[in-house]
Amino acid sequence: MKTKILLLFSICSLLWSCESTRTAIFDQYSYQKTIELKVETKQLLGKSSQAYEANEAEINQLLLNVAKLTEYEKNKPNNETSYEMWQLITNEEKNLLAGFFKYWKEKKTVSTTFKEEAEKQIMESFDVLIQFEIKKDKASQQTLLDVITKNK
Amino acid sequence: MDIEKVMKALKENLLLLTKETYKDIKPELQKDINDFLSKSQEKIERWSLLLASNSITKDEFEWLLKSQNDLLTLKVVQRAGVSKIKINNIKKAILNTVFQTVIGSL
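A few points on the structure. This is a predicted model, so every value here is computed, not measured.

Remarks on the overall build of chain A
When helices and strands are tallied, chain A shows seven helices and zero strands. In sequence order, the secondary structure elements of chain A are arranged as α-α-α-α-α-α-α. The proportion of buried residues among the 152 residues of chain A is 39%. A separation threshold of at least 6 residues defines the contact pool for chain A, and within that pool the share at least 24 residues apart is 74%. When the accessible surface of chain A is totalled, it reaches about 8,500 Å², and 56% of it is carbon and sulfur.

If you want it as structure tokens, here you go:
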């Protein structure tokens, strides 16, 4: 019996120590903030057929809010995937959120058709982030809590 | 604009990406890539028509093409993360079973 228990605890320790597969759990704050940023971005992209300068303050505020969330994601344990995705979105050299603002700044204004197509691309990138957050470990966190509660 | 050529180049780049960077999750990625390629083709065709009708400029067309590549990178990163979550769920299910078994036998 004792040998069996020791064996079981050894297996648990081995599994628990597998750091490479640890992932962050679902975070309501990340989820909510990402959706807020998606909505704010959509609103701002809608103005991109206007002059960049007229919207510069709003653009800088949005980028600041995105930078804050990116920093938050960076410092969460086992959250490398989300952080990597946010880095892509905030990279001016890529053609997503930050890249679009850089393009808009260079061109001063963009055509309505391009604005609509770019908006679809950027909204899709936000959906990738949101869907990933949803897929995080809500279910098994609850299972673990159930086990602890049942055995009090 | 030779869409076939663009699609061929896109497919080659995707295969290289899965082979080199994400070889551990290649089967799951393959499905995502196939879906992505078919959606990419629709978009590229639509953008090509817009370019041909001067509704967008050549710069804008190029920007959109690159954004599609960047979206793919994003989805590949997401898929790697999802695979990690699945492995983690299996690990936690095993742990849960072990806990239940040990506690039940005490």
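Here the narrative resumes.
A word on the overall build of chain B
Regarding its fold elements, chain B presents three helices and zero strands. Counting from the amino terminus, helix and strand elements in chain B follow one another as α-α-α. Every one of the 106 residues in chain B was classed for burial, and the buried ones make up 41%. Looking at chain B alone, contacts between residues at least 24 apart form 64% of all its contacts between residues at least 6 apart. In the form shown here, chain B has an accessible surface area of approximately 6,000 Å², with 57% of it arising from carbon and sulfur atoms.

Notes on the layout of surface pockets
Empty space among the atoms becomes visible once a probe the size of a water molecule is rolled across them. Of the pockets and cavities examined, the largest pocket occupies roughly 340 Å³. Surrounding the largest pocket, 14 residues form its lining, Q131 of chain A together with D32, K39, K75 and Q78 of chain B being those nearest its centre. At the level of elements, helix 6 (112-135) of chain A together with helix 2 (26-52) and helix 3 (58-105) of chain B are the ones that each hand at least two residues to the lining of the largest pocket.

A closer look at the pattern of salt bridges
Residues and elements named next belong to chain A. A full pass over the atoms with the stated rule returns 14 salt bridges over all chains. With a closest N to O distance of 3.3 Å, K102 and E93 form a salt bridge. The network of salt bridges with shared partners includes D27, E73 and K76.

Regarding the nonpolar core
Grouped together as the largest cluster of nonpolar side chains are 42 residues, with contacts concentrated most on F100, F101 and F114 of chain A. Considering each element in turn, this core owes the most residues, ten residues, to helix 3 of chain B.

Description of the environment of T34 of chain A
All names here are of chain A. On the secondary structure map, T34 appears in helix 2 (residues 28-45). Through-space distance from the C-alpha of T34 to that of D127 is 9.1 Å; in sequence the pair is 93 residues apart. Not counting the four nearest positions on each side in its chain, T34 is found in contact with L69, W86, F126, L129 and I130.

Observations concerning helix 5 (residues 97-107) of chain A
Listed as buried for helix 5 of chain A are L97, A98, G99, F100, F101, Y103 and W104 of chain A. Directly beyond the C-terminal end of helix 5 of chain A, a positive phi value near 70 degrees is found at K108 of chain A.

Remarks on the side chain of N55 of chain A
All names here are of chain A. Among the structural elements, N55 can be located in the loop between helix 2 and helix 3 (56-74). Within polar-contact distance, the side chain of N55 engages the side chain of Q50 at 3.4 Å. Not counting residues up to four positions away in its chain, the partners in contact with N55 are L44, K47, Q50 and W104.

Thoughts on the environment of K136 of chain A
Mapped onto the elements of the fold, K136 of chain A is located in the loop between helix 6 and helix 7 (138-150). Each C-alpha atom of the pair K136 of chain A and Q87 of chain A lies 19 Å from the other, and the pair is 49 residues apart in sequence. Sequence-distant contacts of K136 of chain A, defined by excluding residues within four places in its chain, comprise A24, I25, F26, K76, N79 and S82 of chain A together with I85 of chain B. Among the polar contacts made by the side chain of K136 of chain A, one reaches the side chain of N79 of chain A at a distance of 2.8 Å. For K136 of chain A, the side chain forms a polar contact with the side chain of E133 of chain A, separated by 2.9 Å.

Parameters and conventions
- One numbering rule holds for all chains: residues counted from 1, following each sequence as written.
- A letter from A marks each chain and a number from 1 marks each ligand, given out in the order of writing.
- Local features in a predicted model are, by the rule used here, given only for residues with pLDDT of at least 70; side-chain atom pairs are given and counted only at 80 or more, and totals for whole chains, interfaces and linings are based on all residues.
- Water and hydrogen atoms were dropped before computing side-chain values, which therefore reflect all heavy atoms in the structure.
- Secondary structure elements follow DSSP: runs of H or I no shorter than four residues count as helices, runs of E no shorter than two count as strands, and numbering proceeds from the N terminus.
- Buried means the residue's accessible area, taken with a 1.4 Å probe over protein chains only, is under 20% of the maximum for its type, while exposed means over 50%, and partly exposed covers the values in between.
- Whether two residues are in contact is decided by their heavy atoms, any of which lying within 4.5 Å being enough.
- Reported accessibility uses the Shrake-Rupley method at a 1.4 Å probe radius. Residues are deemed covered only where the shown protein chains occlude them.
- Cavities and pockets are defined on a 1 Å grid built over the protein atoms alone: a cavity is a set of grid points where a 1.4 Å probe fits but cannot escape, while a pocket is an open set with protein on both sides within 12 Å along at least five of seven lines, and lining residues are those with an atom within 4 Å of any such point.
- Grid points are joined across faces, edges and corners, and a volume is the space filled by probe spheres set on the points.
- Within this document, salt bridges are pairs made up of a side-chain nitrogen of Lys or Arg and a carboxyl oxygen of Asp or Glu, the two lying within 4 Å of each other.
- To define a nonpolar core, start from buried Ala, Val, Leu, Ile, Met, Phe, Trp, Tyr and Cys residues and group those joined through side-chain atoms within 4.5 Å.
- Throughout this description, a polar contact denotes any pair of N or O atoms lying within 3.5 Å of each other; where both atoms belong to protein, one of them has to be capable of donating a hydrogen while the other can accept it, and for residues adjacent in sequence the pair is counted only when both atoms sit in side chains.

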